[in-house]
Amino acid sequence: ISVFLIVAFALLSVGCKKEKDKVLNMITISGNTEDMNGEYTPESAYFYDYGLSGCTDPLYRSVLRITFANDYEMIIYFHSTTHPETIPTGTIEVADYCIEGLYGVFDQALRKKIFSPSFSSGTITVTKEGDIHNIDFNLVINSDYGNGTLKGNFKGELPGGQSK
């Protein structure tokens, strides 16, 4: 039994270490052929309700915008059949425009270099504890924008507002 306990403790320690060692507030792009590979540190973020999206089927659009320390920004658009007052929680999948889900871009601010990798697949998982949002990104960059992956996390407050 003591060998079993030692093995069980070792397995639990490894599992806990993975979560403990999770890098918070860092986005990493890798495998991209458009010279976008690297680590990006979020500087600020906010979420706002955009109202009806203008799609044929009535969908509401809301926006998550994250700015980074090195003049980049990520904009994620959420389409939903319900009117959001806050960022949706749970796991949301990439979808085409005017389909329930999300789509987004990663772009250099002020368009110094025009590069907006639309995401072809993947998910964003959002959890909330009090005023703190924990958002995990696991996205695949569209082949039109050099392929690769965008993975990482944002953890912090998301001030909101309404924009139309």
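Residues numbered from 1 in each chain as written. Predicted model: local features only at pLDDT ≥ 70, side-chain atom pairs only at ≥ 80, totals over all residues. Heavy atoms only, no water.

Caption draft 1: Fine view of the pattern of salt bridges. Summed over the entire model, instances satisfying the criterion amount to one salt bridge. Among the salt bridges present, the one from Arg 65 reaches Glu 73, with a minimum N-O distance of 3.0 Å. Of the two residues, Arg 65 and Glu 73, neither departs from the other in class, the shared state being buried. (Salt bridge = Lys/Arg side-chain N within 4 Å of Asp/Glu carboxyl O. Buried < 20%, exposed > 50% of the residue type's maximum accessible area, 1.4 Å probe, protein only.)

Caption draft 2: Representation of unusual backbone geometry. One non-glycine residue, Asn 25, lies in the positive phi region at around 55°. Along the chain, Asn 25 turns up in the loop between helix H1 (2-20) and strand E1 (26-30). Given the relative accessible area of 26%, Asn 25 is considered partly exposed. Phi at Cys 98 is positive, roughly 70°, even though this residue is not glycine. Residue placement: Cys 98 occurs in the loop between strand E6 (90-93) and strand E7 (101-108). (Helix = DSSP H or I, 4+ residues; strand = E, 2+ residues; numbered from the N terminus.)

Caption draft 3: Up close: the state of the cysteines. Following the criterion strictly, the structure yields one disulfide and no others. Here Cys 55 engages in a disulfide with Cys 98; their sulfurs sit 1.9 Å apart. Between Cys 55 and Cys 98, the S-S torsion sits near -85°, and that sign places the bridge as left-handed. Here Cys 98 lies in the loop between E6 and E7 and Cys 55 lies in the loop between strand E3 (42-52) and strand E4 (60-68), a separation of 43 residues in the sequence. Among the residues examined, Cys 55 registers a relative accessible area of 12% and is labelled buried. (Disulfide = S-S within 2.5 Å.)

Caption draft 4: Molecular detail of the environment of Thr 41. Structurally, the position occupied by Thr 41 is in the loop between strand E2 (38-40) and E3. Thr 41 gets classed as partly exposed once you look at its relative accessible area, which sits at 36%. Residues Thr 41 and Tyr 72, 31 residues apart in the sequence, show an inter-C-alpha distance of 9.5 Å. Setting aside chain neighbours within four positions, we find Thr 41 in contact with Asn 25, Met 26, Thr 67, Phe 68 and Ala 69. (Contact = heavy atoms within 4.5 Å.)

Caption draft 5: Focus on the nonpolar core. Core analysis: the biggest nonpolar cluster contains 28 residues, and Leu 64, Met 74, Phe 106 and Phe 137 have the highest contact counts within it. Mapped onto this core, the elements with two or more residues apiece are E1, E3, E4, strand E5 (72-80), E7, strand E8 (119-129), strand E9 (132-141) and strand E10 (149-156). Membership of the second largest hydrophobic core comes to six residues, among which are Val 63, Ile 75, Tyr 103 and Val 105. (Core = buried A, V, L, I, M, F, W, Y, C linked by side-chain atoms within 4.5 Å.)

Caption draft 6: Seen up close, the sheet that holds E1. Strand order in the open sheet formed by six strands is E2-E1-E10-E9-E8-E6, and the pairing between neighbours is antiparallel. The sheet is open, and its two edges are formed by E2 and E6, each paired on a single side. Adjacent strand axes in the sheet meet at a mean angle of 15° when their direction is disregarded. (Pairing = 2+ DSSP bridges. Axes fitted to C-alpha atoms, helices over the stretch in contact; angles between N-to-C directions.)

Caption draft 7: Local environment of the packing of aromatic side chains. Overall, the coordinates contain nine aromatic pairs when judged by the stated rule. Ring centres of Tyr 40 and Tyr 72 lie 5.2 Å apart, and the angle between their planes is 70°; this geometry places the pair in the edge-to-face category. Of this pair, Tyr 40 sits in strand E2 while Tyr 72 sits in strand E5; the two residues are 32 residues apart in sequence, bridging distant segments of the chain. Each member of the pair, Tyr 40 as well as Tyr 72, carries the same accessibility label: buried. (Phe/Tyr/Trp six-rings, centres within 6.5 Å; stacked < 30°, edge-to-face > 60°.)

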